[in-house]
Amino acid sequence: MISKKIKGRIVELKEKFPQRKSAILPALHLVLKEKNYVEKESLKEIAGLLELPPIEVFETASFYTMFPQKKVGKYHIQVCTNLSCSLLGAEELVKYLEEKLKIKVGETTPNGMFTLSTVECLGSCGTAPMMQINEDYYENLTKEKVDRILDDLLKKQI
Amino acid sequence: MEKILFKHIDFPEQYKIDVYIKNGGYIALSKALKEFTPDDLIEMVKKSNLRGRGGAGFPTGVKWGFVPKDSPKAKYLICNADEGEPGTFKDRWLLEKDPHQLLEGIIISSYATGAHLCFIYIRGEFSFGAKRLKGAIEEAYQKGFLGKNILGTGFDLDIILYRGGGAYICGEETSLMNSIQGERGLTRLKPPFPTSAGVYECPTVINNVETLSNIPHIVLNGPEWFSSIGTPTSPGPKIYSVSGHVKKPGNYELPMGTTLKEIIYEHAGGIKDNKNLKAVIPGGISTPVLTPDKLFAKMDFDSMCDVGSMLGSGAVIVMDETTCMVKSAQRMVKFFEHESCGKCTPCREGTYWLSRILERIENGGGEEGDIQLLLDICDNICGKTLCPMGDGAIIPVLSTIENFREEYEYHIKNKKCMVTPVRRFD
Ligand SMILES: Cc1cc2nc3c(=O)[nH]c(=O)nc-3n(C[C@H](O)[C@H](O)[C@H](O)COP(=O)(O)O)c2cc1C
Ligand code: FES
């Protein structure tokens, strides 16, 4: 279920653009920010709020990679493996994360804390290797730095 | 060259409107709206010979001149902040660190092209940049640089910040427009060109972040000043994003036409760990790879063509002697496979097969005839796709085979790399 607050903001989007369909992507972003993923039920809700046929929302949402339809971990780790990052060790970084989290790319840790994905260039190639966790960029990564970043995230939980 | 676009990039809080104004900001806007007509400005930009920094190098003033004057439809301006070409990270700096320079350029350009609504299409992953721009837009409204009756001149403009959803193809102008319309980011067949039927089927001008950031400087200093920088056919400053095996990766603002050698060895500090240079991609992964004998080449639109490559986005990716070129090609093609919008068959199927064959070679399963097979598939994509992405996707394959064929042959014959890769992540 989308929260009441976000629902209100989605309804406001209806009149913001020259055509209503333009509100789909901004609505998806609002839901993503709240839940980290946008499952089918939410897509239907968005369609209802924007008064658009659900198929139009499904069609658009499924084109874009930023809106996973399946539940992801609380922290979605996305490692860039495009050329500039891979020249500076992105694949070793991915392996290191797989070993550390004891999961493979595409999987979520059993406690639901971390999901590991690989992604394409994030426009941060001058500070490679790098990864994005939820909305934040982490750059110039080393093993030590990765350890610290993950530790800090875990500490935030307690 | 004195820095122009990056003049205040290291200023703390340059992103705040008061600091921007203190550093001379928004004077160009006042000058443009009060002293010039839209036609004057179009002529000025034509005269400056500013060429689009999004990759294609199309003359900006000429594009603006295509907008029909008599159309009863609304006109739109779009700022392309989708920055997706791998290796490129200049627009992100411009919009995060000096967002008002971009907004000032947008407002002037909207006035010149008759737009009263502008979309800034920013790539979805740039959350921080979106936050910065959102704050800057709010500030500009408060100061009366946006909204109704800007600076008392009667000119109205609104800006909508529109976030993408993580699709490279949405940097291509027609997919971008479909994306703003809330649709899948599929490309459209051209013509009609955006200046006659763009977003919502209305006349639309689309320009890159760096292109638009140049506009206030042209208005302030004049077109002659602008065209005195760089080369006669590619004037002005250019931001080169340098990444890969260099000592000092980063964005460097230099005159158009600076040589690759100067960029890599003087500004980016030379090759990491003092290794030898093997290959350079000069303008993002959609541009052909160059070998070290081309280091003398100037980085501008025409000089890059002369040596068989392209300026593209000016993203210089440096590879040292330990780089396997087959693997690099495989990495690049995997990207295009993932990002193909799927609308046309040669691109969708072709990138899939190129990717499978390169993976096979890279993983030691290469077979005799694979090189020819790759070339045949490229031939079936070349010039047969709706948008230039198909042509971009075959470039990594063609240019690495042309320059490093022996590495492919070695890989296929010996089932392993010709070079010994080094560990880079510790
Ligand atoms: C596959 C593809 C991806 C593109 N990606 C971008 C991009 O991320 N940013 C950009 O400014 N232009 C991009 N372009 C170029 C745009 O289509 C368009 O030419 C440009 O935004 C025009 O602005 P300019 O004239 O100021 O360069 C891309 C083109 C293609 C074919
Ligand atoms: S290649 Fe990794 S951020 Fe660009």
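None of the values given here were measured: they were computed from a predicted structure.

Caption draft 1: Structural context of the site of ligand 1. Residue and element names in this part refer to chain B. Taken together, 19 residues are adjacent to ligand 1, and Gly-54, Lys-63, Asn-80, Asn-208 and Thr-211 come closest. Take Thr-211: an N or O atom from its side chain is 2.7 Å from an oxygen atom of ligand 1. For ligand 1, whose free accessible area comes to 610 Å², the fraction covered by protein is 89%. At 3 residues, strand E5 (residues 204–208) tops the list of elements feeding residues into the shell around ligand 1. When its residues are assigned to classes, the shell around ligand 1 shows 5 nonpolar, 8 polar and 6 charged.

Caption draft 2: Expanded view of the sheet that holds strand E7 (residues 250–255) of chain B. All names here are of chain B. Strands sit in the order E7-E6-E9-E8 across an open sheet of 4 strands; the sheet is mixed. Two strands bound the open sheet, and with one partner strand each, they are E7 and strand E8 (277–281). Going across the sheet, the axis of each strand differs from the next one's by a mean of 30 degrees, ignoring polarity. Strand direction decides the pairing type here: strand E6 (residues 237–244) and E7, joined by 6 bridges, are antiparallel. Paired with Ile-239 across the bridge in E7 is Glu-253. Most of the contacts of helix H5 (residues 90–97) go to E6, to which it runs at about 115 degrees, and overall it touches E6 and E7.

Caption draft 3: Region of interest: the packing of aromatic side chains. All names here are of chain B. One pass over the full model with this rule turns up 19 aromatic pairs over all chains. For the ring pair Tyr-121 and Tyr-162, a centre distance of 6.1 Å and an interplane angle of 20 degrees mean the geometry is stacked. Here Tyr-162 lies in strand E4 (residues 155–163) and Tyr-121 lies in strand E2 (residues 117–122), a separation of 41 residues in the sequence. We note that Tyr-121, like Tyr-162, is buried.

Caption draft 4: Structural view of the interface of chain A and chain B. Tallying the contact residues gives 46 residues for chain A and 58 residues for chain B. Carbon and sulfur atoms make up 57% of the surface buried where chain A meets chain B, a total of about 4,200 Å² over both sides. When the buried surface of chain A facing chain B is broken down by residue, Phe63(A), Leu83(A) and Leu87(A) rank first, second and third, together holding 16% of it. Inspection of the chain A/chain B interface yields 3 salt bridges. When the shortest N-O distance is used, the salt bridge between Lys327(B) and Glu91(A) registers 2.6 Å. For the pair chain A and chain B, the interface holds 26 residue pairs in polar contact (both at pLDDT 80 or more).

Caption draft 5: Spatial organisation of the domain arrangement of chain B. Residue and element names in this part refer to chain B. Assigned domains of chain B: these are domain 1 (17–227), domain 2 (237–320) and domain 3 (325–414). Each of domain 1 and domain 3 was reduced to a C-alpha centroid, and the two centroids are 35 Å apart. On the side of domain 3, 8 residues touch domain 1, which itself brings 11 residues to the contact. Of the roughly 870 Å² buried between domain 1 and domain 3, counting both surfaces, carbon and sulfur atoms make up 74%. Ranking the residues of domain 1 by area buried against domain 3 places Tyr-168, Ile-169 and Thr-187 at the top, with a combined share of 53%. At the junction of domain 1 and domain 3, the tally comes to 0 salt bridges.

Parameters at a glance
- Residues numbered from 1 in each chain as written.
- Chains lettered and ligands numbered in written order.
- Predicted model: local features only at pLDDT ≥ 70, side-chain atom pairs only at ≥ 80, totals over all residues.
- Heavy atoms only, no water.
- Near = heavy atom within 4 Å.
- Polar contact = N/O pair within 3.5 Å; in protein donor to acceptor, adjacent residues only side chain to side chain.
- Areas by Shrake-Rupley, 256 points an atom, 1.4 Å probe, with all protein chains shown as cover.
- Helix = DSSP H or I, 4+ residues; strand = E, 2+ residues; numbered from the N terminus.
- Nonpolar A, V, L, I, M, F, W, Y, C, P; charged D, E, K, R; others polar.
- Pairing = 2+ DSSP bridges.
- Axes fitted to C-alpha atoms, helices over the stretch in contact; angles between N-to-C directions.
- Contact = heavy atoms within 4.5 Å.
- Phe/Tyr/Trp six-rings, centres within 6.5 Å; stacked < 30°, edge-to-face > 60°.
- Buried < 20%, exposed > 50% of the residue type's maximum accessible area, 1.4 Å probe, protein only.
- Buried area = accessible area lost by both parts, 1.4 Å probe.
- Salt bridge = Lys/Arg side-chain N within 4 Å of Asp/Glu carboxyl O.
- Domains from an automatic or database assignment.

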